[in-house]
Amino acid sequence: MRIVVPDPGGTSPLVRSVWTILSRSDAAAAVIAERLFTQTVSPILTAIRRPHDRASAQVLLACAAEEHHTLPLDVLAAALAEDGISSCVLGARVPSQALATAAGRLRPAVVAAWSQTRDTADPRQITALLTAGPAMIAAGPGWTSAALPTSANLSSNVAAALTQTRTLLRTSPPTQR
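What comes next is a walk through the structure.

Cut-off values and rules
Residues numbered from 1 in each chain as written. Predicted model: local features only at pLDDT ≥ 70, side-chain atom pairs only at ≥ 80, totals over all residues. Heavy atoms only, no water. Helix = DSSP H or I, 4+ residues; strand = E, 2+ residues; numbered from the N terminus. Buried < 20%, exposed > 50% of the residue type's maximum accessible area, 1.4 Å probe, protein only. Contact = heavy atoms within 4.5 Å. Areas by Shrake-Rupley, 256 points an atom, 1.4 Å probe, with all protein chains shown as cover. Pairing = 2+ DSSP bridges. Axes fitted to C-alpha atoms, helices over the stretch in contact; angles between N-to-C directions. Core = buried A, V, L, I, M, F, W, Y, C linked by side-chain atoms within 4.5 Å. Expected span 1.5 Å × (residues − 1). Polar contact = N/O pair within 3.5 Å; in protein donor to acceptor, adjacent residues only side chain to side chain. Parallel < 35°, antiparallel > 145°, perpendicular 65-115°, else oblique. Left-handed = near helix turned anticlockwise from the far one by under 90°. Nonpolar A, V, L, I, M, F, W, Y, C, P; charged D, E, K, R; others polar.

1. What to know about the overall build of the chain
Counting its secondary structure elements, the chain contains six helices and five strands. Start at the N end of the chain and walk to the C end: the helices and strands fall as α-α-β-α-β-α-β-α-β-β-α. The buried share among the 177 residues of the chain stands at 41%. Of the contacts formed within the chain by residues at least 6 apart in sequence, a portion of 71% connects residues at least 24 apart. For the chain, the accessible area works out to roughly 9,400 Å², and carbon and sulfur atoms hold 56% of it.

Right, here's the structure in full:
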């Protein structure tokens, strides 16, 4: 299976249909539909064979401290795996200190923190990680209006985060790999 990360302007018919249904639903029904969609798609993405590498993960993926949307991380991890790039997904609601500790222990070349909404985008989380050493990506639409440090990389969607991760891996110092 080949993961095709959709361009936000050209989303696949399946995803477009789901989001159309969600937008017509009341708030409670939309939350239920979104969770059912995520619970259906996530196992497929996590079943994609990951690179077996004795070295630690090249990319560390996590949701922002108050973020619950993990599907974008699963998509990123699956697409990276297809490129032979190892990753570690920490999941939802990862506190800043936990993410910094994981980055220090795993020593990835790239760390990406996903935020779906402005409410979950706390720039302090990105700032705290910039001192850890790896390249930092503030990934997701939640970060677009956040006051981020200039040394942080911003990717407003999954496709951009994937492209930026690949670029950063090609240009990261060998000591970080």
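2. Digging into the sheet that holds strand S3 (residues 110-114)
The five strands lie next to each other as S2-S1-S3-S4-S5, forming an open sheet whose pairing is parallel. At either margin of the open sheet sits one strand with a lone partner, and together these are strand S2 (87-89) and strand S5 (153-155). Sheet twist, expressed as the average angle between the axes of neighbouring strands with direction ignored, equals 20 degrees. For strand S4 (residues 135-139) and S5, the ladder comprises three bridges, and the chain directions are parallel. Its bridge partner lying in S5, alanine 139 is registered against serine 155. In the packing of helix H3 (residues 71-82) onto the sheet, contacts are made with strand S1 (59-63), S2 and S3, and the angle to S1 comes to roughly 165 degrees. Across the face of the sheet, helix H4 (residues 96-106) comes into contact with S1, S2 and S3 while running at roughly 170 degrees to S1.

3. Remarks on the side chain of glutamine 164
With respect to the helices, strands and loops of the structure, glutamine 164 is situated in helix H6 (residues 158-171). Judged by relative accessible area, which is 19%, glutamine 164 ranks as buried. In this structure, glutamine 164 is in contact with Ile137, Asn153, Leu154 and Ser155, ignoring residues within four places of it in sequence.

4. Notes on the nonpolar core
Of all hydrophobic cores here, the largest spans 28 residues; its most connected members are Val59, Leu61, Leu76, Val110, Ile137 and Leu169. Contributing elements (two or more residues each) for this core: helix H2 (27-46), S1, H3, S3, S4 and H6. Sequence-distant contacts of valine 59, defined by excluding residues within four places in its chain, comprise Leu80, Ile85, Ser86, Ser87, Cys88, Pro108, Val110, Thr165 and Leu169. Core analysis: the second largest hydrophobic core is formed by 16 residues, Leu60, Ala62, Leu129 and Ala138 among them.

5. Side note on H6
Relative to the 20 Å expected for 14 residues at 1.5 Å per residue, H6 spans 20 Å between its end C-alpha atoms, a close match to the ideal helical length. Taken together, the buried positions of H6 are Val158, Ala159, Ala161, Leu162, Gln164, Thr165, Leu168 and Leu169. Buried residues belonging to H6 abut S1, H3, S3, S4 and S5. For H6, the N-terminal capping position is held by asparagine 157, with its side-chain oxygen 3.1 Å away from the main-chain nitrogen of alanine 159.

6. Notes on the packing of H3 against H6
Their axes nearest at 10 Å, the elements H3 and H6 cross at an angle of 40 degrees. By the angle class used here, H3 and H6 are oblique. Handedness of the H3/H6 crossing: right-handed. Across the interface between the two elements, Pro72, Val75, Leu76, Ala79 and Leu80 of H3 pack against Val158, Ala161, Leu162, Thr165 and Arg166 of H6. Along the lines of polarity and charge, the residues of the contact of H3 with H6 split into eight nonpolar, one polar and one charged.

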